[in-house]
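Here are the chains, one letter per residue:
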Amino acid sequence: SGEVGRIESSRGVHRTVRAMFWAVGHHLTMGIVGIDHVQLAMPAGGEDKAVAFYSGVLGISQVAKPMHLAKRGGCWFEDGPLKVHLGVEADFRPARKAHPALLVDGLGALVERLHGAGVDVVVDEPLEGYDRVYANDPFGNRLELLEPLG
């Protein structure tokens, strides 16, 4: 964790700063350990489409948003450590390049389900160790779907 210390500038003015440092007997105790959830944007009023796609097609269960956040609209989908949250953005524009990469078990069956739901699936350049495709959610947000080989 950080330690508050006093640092003297070249003009002799003291400032208090929060400083992370290595010193004898001190160890860095912070670090990023994972991703809790992925947040994607959606337009207002798109909750039914989101549920049909993320729960109905992708098979990720919808979970209730906390009451104090539910008033903002949007919806959450979670299955164990997988958490995809959709939030309403007033000036919505789909994420066409930035995207989450979702790990899949049974990519072939999922591709068939996507086709059955009228979703276009794009096969891209190979990625070593994975079968992968891209698809857009109902709002145009890009999703990468990966299945490890072997």
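Just so you know, these numbers come straight off a predicted model, no measurement behind them. (Residues numbered from 1 in each chain as written. Predicted model: local features only at pLDDT ≥ 70, side-chain atom pairs only at ≥ 80, totals over all residues. Heavy atoms only, no water.)

## Here's the deal with the sheet that holds strand 8 (residues 121-122)
Consideration 1: The strand order 7-10-9-8 describes an open sheet built from four strands, whose pairing is mixed. Two strands in the sheet have a free side with no partner beyond their single neighbour: strand 7 (101-103) and strand 8.
Consideration 2: Alignment of strand 7 against strand 10 (residues 142-148), held across three bridges, turns out to be parallel. In the strand pairing of strand 10, Leu 102 is matched with Leu 145. (Pairing = 2+ DSSP bridges. Helix = DSSP H or I, 4+ residues; strand = E, 2+ residues; numbered from the N terminus.)

## Looking at the packing of aromatic side chains
Consideration 1: All told, the structure shown has three aromatic pairs when counted by the stated rule.
Consideration 2: Residues Phe 53 and Tyr 54 carry aromatic rings whose centres are separated by 5.0 Å and whose planes lie at 85° to one another, so their mutual orientation is edge-to-face. For the pair Phe 53 and Tyr 54, a shared accessibility class is recorded, and that class is buried.
Consideration 3: With a centroid separation of 5.4 Å and 25° between ring planes, the pair formed by Tyr 54 and Phe 77 is classed as stacked. Remark: Phe 77 occurs in strand 5 (residues 75-79) and Tyr 54 occurs in helix 1 (residues 47-57); sequence separation between them is 23 residues. Here the two residues Tyr 54 and Phe 77 agree in accessibility, since each one is buried.
Consideration 4: The rings of Phe 53, Tyr 54 and Phe 77 are connected pair by pair, giving a single aromatic cluster.
Consideration 5: Here the guanidinium or amino end of Arg 142 rests over the ring plane of Tyr 134, the centre of that ring lying 3.9 Å away. (Phe/Tyr/Trp six-rings, centres within 6.5 Å; stacked < 30°, edge-to-face > 60°. Buried < 20%, exposed > 50% of the residue type's maximum accessible area, 1.4 Å probe, protein only. Lys NZ or Arg CZ within 6 Å of the ring centre and 35° of its normal.)

## As for helix 1
Consideration 1: Every buried residue of helix 1 is listed here: Ala 50, Phe 53, Tyr 54 and Val 57. Along the axis of helix 1, the buried residues cluster in a sector spanning 115°; they form a single face. Along helix 1, exposed side chains directed more than 90 degrees from the buried face belong to Asp 48 and Gly 56.
Consideration 2: Buried residues along helix 1 sit in contact with strand 3 (38-42), strand 5, strand 6 (82-88), helix 3 (107-116), strand 9 (130-136) and strand 10.
Consideration 3: Within two residues after helix 1, Gly 59 carries a phi angle of roughly 80°, on the positive side. (Arc of directions from axis to C-beta. Contact = heavy atoms within 4.5 Å.)

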